[in-house]
Amino acid sequence: MPMDFLKKVEHETLPLAVTDPRDIRNVAVLVAAGLVEAILPQEGVPGDLPAVVLRITPPGRDELERLLETPQ
């Protein structure tokens, strides 16, 4: 889930390179939602290039705070 991935990224040193296809999809969703800034591999380009998370955006930080306040 992208939000679980966002919580994981919060505790990592940035920039963070990810190569797992599931993680790359999560990064792409978070970029589309404006919650992180990242460099994504280009579709159709041969090779397993990583996605690189550069930073969590202010809306991403707000979302993390909201997730902490929401009972699970």
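The coordinates are above.
Read on for a plain summary of the structure. (Residues numbered from 1 in each chain as written. Predicted model: local features only at pLDDT ≥ 70, side-chain atom pairs only at ≥ 80, totals over all residues. Heavy atoms only, no water.)

Re the packing of helix 1 (residues 2-10) against helix 3 (residues 58-69)
Here comes step 1: Packing of helix 1 against helix 3 leaves a shortest axis separation of 11 Å and a crossing angle of 105°. Comparing the axis directions of helix 1 and helix 3 gives the class roughly perpendicular. Residues M3, L6, K7 and E10 of helix 1 lie in contact with helix 3, whose contacting residues are G60, R61, E63, L64 and L67.
Here comes step 2: Its residues placed into classes, the contact of helix 1 with helix 3 shows four nonpolar, one polar and four charged. (Axes fitted to C-alpha atoms, helices over the stretch in contact; angles between N-to-C directions. Helix = DSSP H or I, 4+ residues; strand = E, 2+ residues; numbered from the N terminus. Parallel < 35°, antiparallel > 145°, perpendicular 65-115°, else oblique. Contact = heavy atoms within 4.5 Å. Nonpolar A, V, L, I, M, F, W, Y, C, P; charged D, E, K, R; others polar.)

Topic: the side chain of N26
Here comes step 1: Counting through the fold element by element, N26 comes out in helix 2 (residues 21-32).
Here comes step 2: Judged by its relative accessible area of 10%, N26 falls in the buried class.
Here comes step 3: Excluding anything up to four places from it in sequence, N26 contacts M1, P2 and F5. (Buried < 20%, exposed > 50% of the residue type's maximum accessible area, 1.4 Å probe, protein only.)

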